[in-house]
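Structural description and commentary
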Amino acid sequence: GAVVSQHPSRVICKSGTSVKIECRSLDFQATTMFWYRQFPKQSLMLMATSNEGSKATYEQGVEKDKFLINHASLTLSTLTVTSAHPEDSSFYICSARGDPNEPQHFGDGTRLSIL
Amino acid sequence: KNEVEQSPQNLTAQEGEFITINCSYSVGISALHWLQQHPGGGIVSLFMLSSGKKKHGRLIATINIQEKHSSLHITASHPRDSAVYICAGNTGNQFYFGTGTSLTVIP
């Protein structure tokens, strides 16, 4: 089946650092990629949707300048958490989809801890 | 009130039991998804359906569009089925997620 690789799986870094998370579709062309955030014991919260070659669409309340998303190719999207603070600590998950009528395929997530 | 409601929130079952997780939604959707999230956080898409019923191994998903309701059934449950099951509906790129059902299957 389709595979999405998300890297790194875990990041621990100091406050003020910028952190980049990569999401790659390994065996299909991901026309659309989604970035989610998940707080403990809560469901997924969609942060933004990105289509290859165009600017990401951010959900209400998500700061564009804080969470930079780049979807430069059909197999790679990146999420950069800029100047991270402890409140940015969370579990971030990406998913990718080719055809809109096909299900999303999820990465394994990145657990981000800001000290 | 959430657009997608799941029940129960938590479920403990004995190995071998038949399990049902319910999902109701209040918005118009083009497809409904059942996702499985493992303890480590990884998510697997189990089903995507817009009508009727789908079966994959011991898992069955049904949807009633008129009633805006979907169910996920697990037959002959096994401890490895222990996970959080999330129901989600979408129209295009707009997704609505349920809060999940935490399932524990005891040997």
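So, about the layout of surface pockets. Looking at the largest pocket, its volume works out to about 550 Å³. Lining of the largest pocket is provided by 23 residues; of these, Q38, P40, K41 and Q42 of chain A together with V84 of chain B occupy positions nearest its centre. Among the elements of the structure, β9 (90-97) of chain A together with β9 (83-91) and β11 (101-106) of chain B are those that each provide at least two residues to the lining of the largest pocket. The dominant element in the lining of the largest pocket, judged by the number of residues it contributes, is β9 of chain B, at three residues. Of the residues contributing to the lining of the largest pocket, the split by class is seven nonpolar, 14 polar and two charged. L44, M45 and L46 of chain A together with F95 and F97 of chain B are, among the 15 residues lining the second largest pocket, the residues nearest its centre. Of all the secondary-structure elements, those providing two or more residues to the lining of the second largest pocket are β5 (45-51) of chain A together with β10 (94-97) of chain B. Counting residues per element, the lining of the second largest pocket draws most heavily on β10 of chain B, which supplies four residues. Here the residues of the lining of the second largest pocket are counted per class, giving seven nonpolar, six polar and two charged.

The next thing to look at is the interface of chain B and chain A. With 16 residues of chain B in contact, the opposing surface of chain A contributes 21 residues. Of the roughly 1,400 Å² buried at the junction of chain B and chain A (both faces included), carbon and sulfur atoms supply 55%. By the criterion of area lost to chain A, the three top residues of chain B are I43, N93 and F97 of chain B, representing 38% of everything that side buries. Counting across the chain B and chain A interface gives three residue pairs in polar contact (both at pLDDT 80 or more). Counting only elements with at least two residues in the side of chain B that touches chain A, the list comes to β4 (31-37), β5 (43-49), β9 and β10 of chain B.

The next point concerns empty space enclosed by the protein. Picture a little ball the size of a water molecule; that probe, rolled over the atoms, points out where space is still empty. Within the structure shown, the criterion is met by one cavity of 30 Å³ or more. The volume enclosed by the largest cavity comes to roughly 40 Å³. Taken together, Q104 and F106 of chain A together with H33, L35, S45, A88, F95 and F97 of chain B make up the lining of the largest cavity. Those elements that place two or more of their residues in the lining of the largest cavity are β4 and β10 of chain B. Along the lines of polarity and charge, the residues of the lining of the largest cavity split into five nonpolar, three polar and no charged.

We now examine the confidence of the model for chain B. Averaged over all residues, the pLDDT of chain B is 94; the fraction at 70 or higher stands at 99%. At the level of individual helices and strands, chain B shows its lowest average pLDDT in β10 of chain B, which scores 88, and its highest in strand β8 (residues 69-74) of chain B, which scores 98.

Here is what the cut-offs are and how they apply
- Residues numbered from 1 in each chain as written.
- Chains lettered and ligands numbered in written order.
- Predicted model: local features only at pLDDT ≥ 70, side-chain atom pairs only at ≥ 80, totals over all residues.
- Heavy atoms only, no water.
- 1 Å grid on protein atoms, 1.4 Å probe; cavity = no way out; pocket = protein on both sides within 12 Å on 5 of 7 lines; lining within 4 Å.
- Points joined across faces, edges and corners; volume = space filled by probe spheres on them.
- Helix = DSSP H or I, 4+ residues; strand = E, 2+ residues; numbered from the N terminus.
- Nonpolar A, V, L, I, M, F, W, Y, C, P; charged D, E, K, R; others polar.
- Contact = heavy atoms within 4.5 Å.
- Buried area = accessible area lost by both parts, 1.4 Å probe.
- Polar contact = N/O pair within 3.5 Å; in protein donor to acceptor, adjacent residues only side chain to side chain.
- pLDDT = per-residue confidence, 0-100.

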